[in-house]
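Chain residues, written in single-letter form:
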Amino acid sequence: MPLTRSLADATVVLTGASSGIGTATAYALARRGTAVVLAARSEVALEEVAQRCRELGGRALVVPTDVTDPAAVERLAARAVAEFGRIDGWVNNAAVGVVGLFDEIPVEEFRRVLEVNLLGAAYGTRAALPQLSAAGGGVLVNNASVLAEVAMPYQSAYNATKHGIRGLANTVRQEMRVTGRGNVSICTVLPATIDTPFFRHAANHSGRELVPPPPVYPPEVVAETIVRLLRRPRREAYAGGAARLIGLQWRLAPALAERVLGWYAHRTQFGPAPRPDSTGNVFHADAAARRGGDWHGRRRHLVRMTAAFGLAAAGTAVGTVAAMTRRARTDR
């Protein structure tokens, strides 16, 4: 079920609104006159985003929130309702990351990524559902990444949380349907690599500079996908053509796609510069609001990436045909 009112009359809560996809989504909604409730850990950064939202024609409320605290997330929902009267949409977007080999990532950082990304989405969903129902219906969007469907080396904690978010959304959607609460839509967005500060701010235990595997899409690609989901909900939506391509290959030939994507990420995920171990922003918020990560220059690698995955696609097709041929011979 879509929003029961137009975006110009709607109230949408956004977690992780102080940078990247959250900030781009806030701006996209503000341009449409939406009342946005901005949540993240840094009040200074949120105030910057809120000011820009007002300049774009929207209304904005800043609610500093640590999504790992369920009571704080409930207060976020209460503040939104007290200010604007209801909640029509909720976007679970807050995320942090830690990069390194699984057995070398500090346990406390691994745990924190799970708390922010997965439990944060769970707490947001629990706070949102009764408010969306009370408003007569609404839409909840979880930002899960294409890594909810595939996997990438050196990103074990992030991969685990994104797979978990997708499973959580699927289960809650089923429960809402079988209990007669179909007036609330549960959606999942699966972005490809996005030009955000994430890659500069992630905790890093690889010993090397972390860079985004190309192609790198602007955050507005995801923001517009989220806006479309609020208007016309669907179970899942990719953001960025590469995400759709990778997902398709993973479904058709998972073993081959796993090897190809592992090789590709290993070669493109790190820059030449050495880096000391860092906890990034896993435990501490960034003070400044930044929509992008200044990675747009890596878009020139699109042709290289497309070629690599084109070969993988060809290999997938050959492997699939070969497998079908072998099965046909066996069945004779």
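These numbers were taken from a predicted model, which means no experiment stands behind them.

Participant: Mind laying out the sheet that holds strand 1 (residues 11-15), listing which residues take part and the relevant values?
Facilitator: The seven strands are arranged 3-2-1-4-6-7-10 in an open sheet whose pairing can be described as parallel. What marks the edges here is a single partner per strand, and that holds for strand 3 (59-62) and strand 10 (236-239). With direction set aside, neighbouring strand axes in the sheet form an average angle of 20 degrees. Judged from the six bridges that link them, strand 6 (residues 138-143) and strand 7 (residues 184-191) form a sheet pairing that is parallel. Bridge assignment links N143 to a residue of strand 7, and that residue is V189. In the packing of helix 3 (residues 70-84) onto the sheet, the strands contacted are strand 1, strand 2 (35-39), strand 3 and strand 4 (89-92), and the crossing angle to strand 3 comes to about 145 degrees.

Participant: Explain the packing of helix 4 (residues 107-134) against helix 5 (residues 156-178) residue by residue, including any values.
Facilitator: Closest axis-to-axis distance for the helix 4/helix 5 pair is 8 Å, and the angle between their directions is 20 degrees. With respect to helix 5, the element helix 4 is oriented roughly parallel. The element helix 4 and its partner helix 5 pack so that their crossing is right-handed. Contacts from F110, V113, L114, N117, L118, A121, A122, T125 and L129 in helix 4 reach S156, A157, Y158, T161, G164, I165, L168, V172 and M176 in helix 5. When its residues are assigned to classes, the contact of helix 4 with helix 5 shows 13 nonpolar, five polar and no charged.

Participant: Explain the environment of R54 residue by residue, including any values.
Facilitator: Among the secondary structure elements, R54 is positioned in helix 2 (residues 43-55). Of the residues examined, R54 reaches a relative accessible area of 37% and is grouped as partly exposed. For R54 and A35, which are 19 residues apart along the polypeptide, the C-alpha to C-alpha distance reads 9.4 Å.

Quick notes on the rules
Residues numbered from 1 in each chain as written. Predicted model: local features only at pLDDT ≥ 70, side-chain atom pairs only at ≥ 80, totals over all residues. Heavy atoms only, no water. Pairing = 2+ DSSP bridges. Helix = DSSP H or I, 4+ residues; strand = E, 2+ residues; numbered from the N terminus. Axes fitted to C-alpha atoms, helices over the stretch in contact; angles between N-to-C directions. Contact = heavy atoms within 4.5 Å. Parallel < 35°, antiparallel > 145°, perpendicular 65-115°, else oblique. Left-handed = near helix turned anticlockwise from the far one by under 90°. Nonpolar A, V, L, I, M, F, W, Y, C, P; charged D, E, K, R; others polar. Buried < 20%, exposed > 50% of the residue type's maximum accessible area, 1.4 Å probe, protein only.

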